[in-house]
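Per-entry structural report
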Amino acid sequence: MTHQLLLRFDSFDPSAFDADAEARGQAGLTLLQMWREGTGAHWALFSVNDTDKAKSWLSKETGLGHPPSASHMLETV
């Protein structure tokens, strides 16, 4: 089974997103695709190599005060 993480950012700062690339990589996340919604929100789809690390990274982002506005851990069937 393959896991993916879909994130929605209502407020998106490209510089901050790029600066966090190393931390995402260490959490086993690889960016697959990014979309911009008409409202300015951004969606990012990541492949997940380690779900525990990915969940820990997401929890850390929440604790730092700049989490995505929505997150969905997905599994292929």
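Above this text sits the structure in question.
These lines cover the structure that appears in this document, whether it is placed above or below. The shown structure was predicted, so the numbers you read here are calculated from the model rather than taken from an experiment.

Further remarks concern the pattern of salt bridges. Where charged atoms of side chains with opposite charge meet at close range, the side chains can pair. Considering all chains together, one arrives at 3 salt bridges under this definition. Linking Asp10 and Arg8 is a salt bridge whose minimum nitrogen-to-oxygen distance equals 2.2 Å. The partly exposed category is assigned to Asp10, whose relative accessible area is 47%. Residue classification places Arg8 among the buried positions, given a relative accessible area of 19%. For the salt bridge of Glu37 with Arg8, the shortest nitrogen-to-oxygen distance reads 3.3 Å. Taken together, the positions of Glu37 in the loop between strand E2 (29-36) and strand E3 (42-48) and Arg8 in strand E1 (residues 3-9) put the pair 29 residues apart, joining distant regions of the chain. Among the charged side chains, a network of salt bridges with common partners joins Arg8, Asp10 and Glu37.

What follows covers the packing of aromatic side chains. Summed over the entire model, instances satisfying the criterion amount to 4 aromatic pairs. Their ring planes at 50° and their centres at 5.3 Å tell us that Phe12 and Phe17 sit as a pair that is tilted. Ring plane angle 40° and centroid distance 6.4 Å describe the contact between Phe17 and Phe46, whose orientation is recorded as tilted. On the criterion of sequence distance, the pair formed by Phe17 in helix H1 (residues 14-19) and Phe46 in strand E3 is long-range, its members being 29 residues apart.

Spatially, E2-E3-E1-E4 is the arrangement adopted by the 4 strands of the open sheet, whose pairing is antiparallel. Sheet topology places E2 and strand E4 (70-75) at the edges, where each strand pairs with a single neighbour. Strand-to-strand, the axes of this sheet are offset by a mean angle of 20°, without reference to chain direction. For E2 and E3, the ladder comprises 7 bridges, and the chain directions are antiparallel.

Another point: the environment of Asp52. By the element assignment, Asp52 lies in helix H3 (residues 51-64). Linking Asp52 and Gly28, residues 24 residues apart in sequence, is a C-alpha distance of 9.3 Å.

Before going further, it helps to examine the side chain of Arg24. Summarising the element assignment, Arg24 is placed in helix H2 (residues 21-26). The residues touching Arg24, leaving out its near neighbours within four places in the chain, are Phe17, Leu29, Phe46 and Trp57.

A few words now on the nonpolar core. With 12 residues, the main nonpolar core is built from Leu5, Leu7, Phe9, Phe17, Ala27, Leu29, Ala44, Phe46, Val48, Ala54, Trp57 and Leu58. Of all the elements in the fold, those that place two or more residues in this core are E1, E3 and H3. Not counting the four nearest positions on each side in its chain, Ala54 is found in contact with Ala27, Leu29, Val48 and Met73.

About the criteria used
- Residues numbered from 1 in each chain as written.
- Predicted model: local features only at pLDDT ≥ 70, side-chain atom pairs only at ≥ 80, totals over all residues.
- Heavy atoms only, no water.
- Salt bridge = Lys/Arg side-chain N within 4 Å of Asp/Glu carboxyl O.
- Buried < 20%, exposed > 50% of the residue type's maximum accessible area, 1.4 Å probe, protein only.
- Helix = DSSP H or I, 4+ residues; strand = E, 2+ residues; numbered from the N terminus.
- Phe/Tyr/Trp six-rings, centres within 6.5 Å; stacked < 30°, edge-to-face > 60°.
- Pairing = 2+ DSSP bridges.
- Axes fitted to C-alpha atoms, helices over the stretch in contact; angles between N-to-C directions.
- Contact = heavy atoms within 4.5 Å.
- Core = buried A, V, L, I, M, F, W, Y, C linked by side-chain atoms within 4.5 Å.

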